[in-house]
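Summary of structural features
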Amino acid sequence: MADPRFFTRAGPFTLRRLAEIAGAEIGNGADPELTLEDVAPLEAAGPGQLSFLDNRRYVDAFAASKAAACLVHPDLAGRAPPGMALLVTRKPYKGYALCAQAFYPEPSPAAGVSPAAHVDPTAEIGVGTSVAPGAVIEAGARIGARCRIDANAVIGRNVQIGDDTRIGACASLSHCVVGARVHVYTGARIGQDGFGFAMDAAGHVRVPQLGRVIIEDDVEVGANVTIDRGAGPDTVIGRGCMIDNLVQIGHNVHLGPGCVIVAQSGISGSTKLDHHVVLAAQAGITGHLKIGAGARIAAQSGVMRDVEPGAEVCGSPAMPIRQFMRQVALLGRLSRGKGSGGDGRDG
Amino acid sequence: MADPRFFTRAGPFTLRRLAEIAGAEIGNGADPELTLEDVAPLEAAGPGQLSFLDNRRYVDAFAASKAAACLVHPDLAGRAPPGMALLVTRKPYKGYALCAQAFYPEPSPAAGVSPAAHVDPTAEIGVGTSVAPGAVIEAGARIGARCRIDANAVIGRNVQIGDDTRIGACASLSHCVVGARVHVYTGARIGQDGFGFAMDAAGHVRVPQLGRVIIEDDVEVGANVTIDRGAGPDTVIGRGCMIDNLVQIGHNVHLGPGCVIVAQSGISGSTKLDHHVVLAAQAGITGHLKIGAGARIAAQSGVMRDVEPGAEVCGSPAMPIRQFMRQVALLGRLSRGKGSGGDGRDG
Amino acid sequence: MADPRFFTRAGPFTLRRLAEIAGAEIGNGADPELTLEDVAPLEAAGPGQLSFLDNRRYVDAFAASKAAACLVHPDLAGRAPPGMALLVTRKPYKGYALCAQAFYPEPSPAAGVSPAAHVDPTAEIGVGTSVAPGAVIEAGARIGARCRIDANAVIGRNVQIGDDTRIGACASLSHCVVGARVHVYTGARIGQDGFGFAMDAAGHVRVPQLGRVIIEDDVEVGANVTIDRGAGPDTVIGRGCMIDNLVQIGHNVHLGPGCVIVAQSGISGSTKLDHHVVLAAQAGITGHLKIGAGARIAAQSGVMRDVEPGAEVCGSPAMPIRQFMRQVALLGRLSRGKGSGGDGRDG
């Protein structure tokens, strides 16, 4: 089980209740009143514990698991060991996520403003919001209800934050409007000037950055991420986007809803991603491009042209993934033919 | 116009005054007493607003713009719509930058040290400098006049900072000497130990890093940037360098004046960039190299050898950009010839 | 010598004492009572100063050096100039590191908790530990003896920290157990949620991250690094690992002892590195891989498969370094043959 110093477990829950939470059906005649006390991975789970099978690769671990109950896709339910209660759903990982949230709800810190926080008297703090020691809330900021502002975070002048949003320790926000149920992780930087200046041999000249950052509802912004405010238009992070650690988002960038931006990738100024684009780790997109809905950009790619909806691209410069694979294979063949002593291993 | 919650507009200004500010000439017989109240992009600008045309690509938007006045290069002035007042200059973007700075000057925070800041009694704070709540100024630090130390920033022991410099929220500085008119953005880390140790199977042994970071005047250091102090020599950032977010600068690196280092790029230890080098996003330079004046390193490049002044390089390992383009084109041709079903799109 | 505003020198030391510190032998009949006052590089060193020769490339500088004494490998000792005292060792750089640590010991800040720190009454602070202004120590945290918690750092609820560990300014830790003699640099983020969620068109669903971060003894974690806590298992950083700035470590990653992770590289979830792996700058490893002991991953590589112990890989996708070099050479030849005007320079 999770280390009780750091995690507080709720429950227990009956199988019936977990089926409701997960949107699953109770399978194989299991007892709806079976009591579950925790979640655990397939290999570690035992009596009283709920696990899940999401990937056909782990079907052997499933068949051998001692978990009391398991979330499973209907196609794989038949592989369950005898005596395991099943929660059958076409989305077992989503079901697991929801059940795990039930067992381990976000802790609610003591509501109220710490006397060791620095809150400007003109700032508004919603009901049930906690402000931790060392947090600074500047003049005119408006923070919704049930928010959590962690230690040493800084909320700049006139920033607006919706309900149920969490701002992590040491994060800083300025020039932005943030929605509800957003989680800004530790050390993220939101709203600073974009990288805009007139290059000049006599000294580059800063162009004032007159836009904002708009973060819609249900967004996650990872640790030490940087999101610059717009140069005139706004920088916009669409509803439900998930942004991993150390990502850079340039000025005027728009992310449509549901995009997933993996660690250490970067998006240059004025590029627009339609909804549900996935940008894998350490990838980059140059400025002023359009990336179509559902496109997938492979890790370490360098995108220099628009990408069609649903396309998968890879490489630097990026190209369709099949083309990239052909080039990699071709180079391998050619260099083995030409070279000597090659052993054909490729890492 | 810019959101008044976050931006305070100055002005209005006459066309005559803006011509002085921009170093431009009033064209096409426009009235020098015409009053301008704001800046705006070509498509959005209307009566009372100043715009600019910097790129021939936007000449149609210029011809159709309803802006009251526009900064424009002499070669394109003839394309102006009737009734638009012109400010003619060979550097219209620089002119726009200067005018926009006039309309939107940096806000001056209330001068003085917040009672919620933690300033060591031996630190010296210049006249007109503001120190925000939660900022920590350690013993012996000397901060110039009219500086701005934002919330929760940390200025280490004996650090020196020149006049008119701004240190962003949650940034931290140690072992460094910083010039005038420098802007260190939120979360930047300056002066920590470089990555130096003697590798040893029995346990790597730290080598004390005995140098400093020297930041000359008019430098910008982006959000969450890391600049390590020298190992013995200093790490030096030359006058007027612009460093974007999440850049890594290793120990003993020297940047000459006017370099531009774009987001997420990195420079390894002891490498020296001459003046006005441009390092595009996510590029890297290995250690102990010399990069000539005005060289341009393309995005995601990996530079493993010295680069000549004025050269443009691309790729990993980096090569002259024409050679890189030839290799990309060649691989495309070869793989299409060998493969089947290729459609020739490249992303 | 090092700037006395930032560095406090100890000593002087006799040659005899430095030989003990370095594990070296006094060579060429030098006087063991010779007094040394400082360290310096070969070209700069003079009377009273100790230098080192670690690399055959600098043997001319060694032969011309005016250093009073020098650490040198036995094979090169014969090249010493007349009158230079020698400390002979097979590990001169390690010897230098140890001597430099003696001349420039870590400064010990005033012990005790600053009245401007925010320490929860249930936290435990060890003897001789200093807590700087603005630092926040949350409920139940346990911090060992002789630690140093710098300004505006945040130590989360129930976090445990061993003896002699330093947490840099503005760093934040949660859900973690940290060993002895660890140095977490400024702005590092340890213990936040891993990037785990069930993707869903109706809105991605967060999967609670129920593991911790375990940092063993003698580890360094660079500035603005991010280390996510495990999803269920822990994220583990093995004894003596050196992690440079702006590195990303995903959930469930295990680093064996003595790994070196250079700046801006990233390791995706659940990947395991055996001991003494070196990951050079801006490299990436995808998830769920095994990297063998002593493997070396070149800068900017993208590792997509397991790597054998001792292997050296390069490229994206990564391959054995000899194969990578053959491909680079082949492409160069082919593109010069096909193109025109190529000059054969490669950057």
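Residues numbered from 1 in each chain as written. Chains lettered and ligands numbered in written order. Predicted model: local features only at pLDDT ≥ 70, side-chain atom pairs only at ≥ 80, totals over all residues.

**Some words on the relation of the copies chain A and chain B**
At an RMSD of 0.1 Å, chain A and chain B line up after a rotation of 120 degrees and a shift of 0.0 Å along the axis. Look at the turn and shift together and you get a three-fold axis relating the two. When the interface residues of chain A are mapped onto chain B, a mere 13% of them are again interface residues, pointing to distinct binding faces. (Least-squares fit on C-alpha atoms with pLDDT ≥ 70 in both. Contact = placed C-beta atoms within 7 Å.)

**Details of the relation of the copies chain A and chain C**
Of the transformation placing chain A onto chain C, the axial shift is 0.0 Å and the rotation is 120 degrees, giving an RMSD of 0.0 Å. Interface residue correspondence from chain A to chain C reaches only 12%, placing this contact among heterologous pairings that use different surfaces.

**Some points on the sheet that holds strand E29 (residues 248–249) of chain C**
Two strands in a sheet stick together by hydrogen bonds in their backbones, pointing the same way (parallel) or opposite ways (antiparallel). Residues and elements named next belong to chain C. Spatially, the 10 strands line up as an open sheet ordered E9-E12-E15-E18-E21-E26-E29-E32-E35-E38, and their pairing is parallel. One side of each edge strand has no neighbouring strand; the edge strands of this open sheet are strand E9 (118–119) and strand E38 (302–303). Note: strand E35 (residues 284–285) against E38, two bridges, orientation parallel. Across the sheet, residue isoleucine 285 finds its bridge partner in E38, namely valine 303. (Pairing = 2+ DSSP bridges. Helix = DSSP H or I, 4+ residues; strand = E, 2+ residues; numbered from the N terminus.)

**With respect to the interface of chain A and chain B**
Taken together, the contact pairs 47 residues of chain A with 52 residues of chain B. For the side of chain A that touches chain B, the secondary-structure elements that each account for two or more residues are strand E22 (197–198), strand E23 (205–206), strand E38 (302–303), strand E40 (319–320) and helix H4 (321–338) of chain A. The dominant element in the side of chain A that touches chain B, judged by the number of residues it contributes, is H4(A), at four residues. Looking at the side of chain A that touches chain B, its residues break down into 19 nonpolar, 22 polar and six charged. (Nonpolar A, V, L, I, M, F, W, Y, C, P; charged D, E, K, R; others polar.)

**Examining the environment of C:Asp193**
All names here are of chain C. You can see aspartate 193 is positioned in the loop between strand E21 (189–190) and strand E22 (197–198). On the basis of neighbour count, aspartate 193 is assigned to the buried category, with 23 C-beta atoms found within 10 Å. Residues aspartate 193 and arginine 206 lie 13 residues apart in sequence; the distance between their C-alpha atoms is 9.8 Å. Once residues lying within four places of it in the same chain are set aside, the contact partners of aspartate 193 are Gln209, Asp228 and Arg229. (Buried ≥ 20, exposed ≤ 12 C-beta atoms within 10 Å, placed from the backbone.)

**Points about the pairing of strand E7 (residues 85–88) of chain A**
Residue and element names in this part refer to chain A. A two-sided burial pattern is seen for E7, the buried positions comprising Ala85 and Leu87 on one face and Leu86 and Val88 on the other. Judged from the three bridges that link them, strand E2 (residues 25–27) and E7 form a sheet pairing that is antiparallel. Within E7, the residue paired with isoleucine 26 across the bridge is leucine 87. Examined bridge by bridge, strand E6 (residues 69–72) and E7 share four bridges and lie parallel to one another. Bridged to leucine 71 within E7 is leucine 87.

**Examining the domain arrangement of chain A**
In terms of domains, chain A is made up of domain 1 (13–103) and domain 2 (171–347). Averaged C-alpha coordinates put domain 1 of chain A and domain 2 of chain A at centres separated by 36 Å. (Domains from an automatic or database assignment.)

**Quick look at the interface of chain A and chain C**
It is common to give the size of an interface as the accessible area that goes away when the parts come together. On the chain C side, the residues contacting the 52 residues of chain A number 47 residues. For the side of chain A that touches chain C, the elements supplying multiple residues, two or more each, are helix H3 (92–103) and H4 of chain A. Looking at the side of chain A that touches chain C, the element that brings in the most residues is H3(A), giving seven residues. Of the residues assigned to the side of chain A that touches chain C, the class counts are 25 nonpolar, 18 polar and nine charged.

**Remarks on the packing of helix H1 (residues 15–22) of chain C against helix H3 (residues 92–103) of chain C**
Residue and element names in this part refer to chain C. Interhelical geometry of H1 versus H3 gives an angle of 120 degrees and a closest axis separation of 8 Å. Taken as axis vectors, H1 and H3 run oblique relative to one another. In this structure, H1 meets H3 at a crossing whose hand is right-handed. On H3, the residues that touch Leu18, Ile21 and Ala22 of H1 are Gly95, Leu98, Cys99 and Ala102. Residue classes in the contact of H1 with H3 are distributed as six nonpolar, one polar and no charged. (Axes fitted to C-alpha atoms, helices over the stretch in contact; angles between N-to-C directions. Parallel < 35°, antiparallel > 145°, perpendicular 65-115°, else oblique. Left-handed = near helix turned anticlockwise from the far one by under 90°.)

**A closer look at unusual backbone geometry**
With omega at 0 degrees, the peptide bond leading from A:Gly11 into A:Pro12 counts as cis. Following the sequence through the fold, A:Pro12 ends up in the segment before strand E1 (13–14). One non-glycine residue, C:Arg146, adopts positive backbone phi at about 55 degrees. Summarising the element assignment, C:Arg146 is placed in the loop between strand E13 (142–143) and strand E14 (148–149). Given 17 C-beta atoms within 10 Å, C:Arg146 falls into the partly exposed group. At C:His276, a position not held by glycine, the phi torsion is positive, near 60 degrees. Turning to its location among the elements, C:His276 is positioned in the loop between strand E33 (272–273) and strand E34 (278–279).

**Examining the sheet that holds strand E27 (residues 235–237) of chain B**
Taken together, nine strands build an open sheet; the order of strands is E10-E13-E16-E19-E24-E27-E30-E33-E36 (chain B) and the sheet is parallel. Every other strand in the sheet has two partners, leaving strand E10 (124–125) and strand E36 (290–291) of chain B as the edge strands with one partner each.

**Notes on helix H1 (residues 15–22) of chain A**
Residue and element names in this part refer to chain A. Turning to H1, its buried residues number three or more, namely Leu15, Leu18, Ala19 and Ala22. The buried residues of H1 occupy one face: seen down the axis, they fall within an arc of 105 degrees. Looking at the residues trailing H1, positive phi occurs at glycine 23, about 65 degrees. (Arc of directions from axis to C-beta.)

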